[in-house]
Amino acid sequence: MGSLYRRGTRGMNDLIVAHVTESVTVNELRLFLRLVHRTGFTCKSDIAFIFSSKTSSFDNVILEENTSFLKLVSAYNNDEKNNYTSSSDPTRFEISGKKEKESGEPIWGRKIRSSNEENGNVTESTRLSYGSVVSFDVDELDPENALSGFLEHVPMSLRRWACYPMLLGRVRRNYKYVMLVDVKEYIVLGDPLSQLKNRSPESVILTTMPSKKKEKKFVNSGIILGGVRGVRRLANAMLTDIARVIMQHKKRNSVSELVLFNQLVGNEFILKNVNLIVSTESIHELSSLTGLNSNSKSGSNSFSISKIPIVRRGNSNLDISYVFKKYFCSSPLDSIAYSDC
């Protein structure tokens, strides 16, 4: 079931479940995946994409980015390691042979051996460790289209909630923490799941939407962090609530996913088995990053992408592709790895 784009080298503790809505473009998907790779998240996490309808162009983007990522890390790990600097830190993908043996097999496909291992050139400090990248269509995870009896057309924003229970149910013993994220709205710049260290499996961390008004802020449904058990319970409750509200609503097609999610979060009885933590801080807008602006034409980057783990794309005049391309292509090694440099 699903498409396996890249097999990981070992079993991972964390899982990123990224849903791709109908309006996501090829460039938006490319930027999302490239940043997840470049910020080191995949040294400890697997990635599972959920597509409303998969196309060959999406497949090609994921394969290209995986190839470029592996080329970058492998090149850094060989002769180029002492001759180049990179805008990311590939050393985080190195793992000792002892830790690798203790980590077990990856869940998505059998463990693979790196080219270094096959050539017999591996030392304890040069083994590479990275997660798998897979994808599913909504029809694979929600074959009955659970909400089709309530709506003529079920948008991805609602149908994704029918996919999570099956996916997380199957992998619940393989992962400790999970992040649900909207590819269209958010960009990963660090490790958001580090906030969950020492939290219980039932914990779920939510953030609020930015608002200029003094009224109560909306809780964000586009980025959800938590233990697999807690996130799965939240998803089950949300799916049940969607069906219940749609049946009671006269204008069924006007039901708002964000409104429904906030109503659910406010219902302590339904979520009594979830340790819900709502952060008082809102997710930063991409345009708020220091030094990130369309007028900056210098070769150097005056902003850091590691201090803020995740940002919202938002509505701005920033040429996002230009800004991050400048970041990606800031060293000879990066230029070798990426064909668009």
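Quick notes on the rules
Residues numbered from 1 in each chain as written. Predicted model: local features only at pLDDT ≥ 70, side-chain atom pairs only at ≥ 80, totals over all residues. Heavy atoms only, no water. Helix = DSSP H or I, 4+ residues; strand = E, 2+ residues; numbered from the N terminus. Contact = heavy atoms within 4.5 Å. Areas by Shrake-Rupley, 256 points an atom, 1.4 Å probe, with all protein chains shown as cover. Core = buried A, V, L, I, M, F, W, Y, C linked by side-chain atoms within 4.5 Å. Buried < 20%, exposed > 50% of the residue type's maximum accessible area, 1.4 Å probe, protein only. Expected span 1.5 Å × (residues − 1). Phe/Tyr/Trp six-rings, centres within 6.5 Å; stacked < 30°, edge-to-face > 60°. Pairing = 2+ DSSP bridges.

The name given to the protein chain in an unreviewed UniProt entry is DUF7780 domain-containing protein, with the source organism recorded as Anisodus acutangulus.

Visitor: Sorry, what's going on with the overall build of the protein chain here?
Guide: Helix and strand counts for the protein chain stand at 10 helices and 13 strands. Nonlocal contacts in the protein chain, meaning residues at least 24 apart in sequence, comprise 81% of its contacts between residues at least 6 apart. When the accessible surface of the protein chain is summed, it comes to about 16300 Å², and 46% of that surface belongs to carbon and sulfur atoms.

Visitor: Please clarify how the nonpolar core should be interpreted in this entry.
Guide: One finds I50, I224 and F261 to be the most contacted residues of the largest nonpolar core, which totals 47 residues. Broken down by element, this core gets its largest block of residues, 11 residues, from helix α7 (residues 228-248). Here F261 is in contact with W161, L206, V219, N220, S221, I224, L234 and M238, once residues within four sequence places are set aside. The next biggest cluster of nonpolar side chains, apart from the first, holds 31 residues, and it includes F41, V183, I205 and M209.

Visitor: Which parts of the structure should I look at to understand the environment of P192?
Guide: Positionally, P192 belongs in the loop between β8 (186-188) and β9 (203-208). Separated by 13 residues in the primary sequence, P192 and M179 have C-alpha atoms spaced 8.2 Å apart. Once you skip the residues sitting within four places of it in the chain, P192 turns out to touch F41, M179, L225, P309 and I310.

Visitor: I keep staring at helix α1 (residues 26-38) and nothing clicks. Help me out?
Guide: Owing to its 3.6 residues per turn, the α-helix brings residues three or four apart onto one side. Across its 13 residues, α1 extends 18 Å between first and last C-alpha, which sits within 8% of the 18 Å expected from 1.5 Å per residue. For α1, the buried fraction is high: 11 of the 13 residues fall into the buried class. Of the positions making up α1, those classed as buried are E28, L29, R30, L31, F32, L33, R34, L35, V36, H37 and R38. G40 sits one or two positions beyond α1 and adopts a positive phi of about 85°.

Visitor: Whenever I open this one, the packing of aromatic side chains confuses me. Can you help?
Guide: The geometry of an aromatic ring pair is captured by the separation of the ring centres together with the interplanar angle, meaning the angle of the planes. Counting across every chain of the model gives 7 aromatic pairs. Ring centres 6.1 Å apart and planes at 90° place the aromatic pair F69 and Y130 in the edge-to-face group. Of the two residues, F69 is situated in helix α2 (residues 56-77) and Y130 in the loop between β5 (127-128) and β6 (133-137); the sequence distance between them amounts to 61 residues. The pair F69 / Y130 is uniform in exposure class, with both members buried. An aromatic cluster of at least three residues, connected via ring pairs, comprises F32, F49, F51 and F58.

Visitor: Any chance you could explain the sheet that holds strand β12 (residues 284-285) here in plain terms?
Guide: Strands belonging to one sheet form pairs held by backbone hydrogen bonds; the direction of such a pair is parallel or antiparallel. Strand order across the open sheet formed by 3 strands is β8-β13-β12, with mixed pairing between neighbours. Whereas interior strands pair on both sides, the edge strands pair on one side only; in this sheet they are β8 and β12. Of the strand pairs in this sheet, β12 and strand β13 (residues 310-312) are connected by 2 bridges, and their pairing is parallel. Bridge pairing in β13 links H284 to V311.

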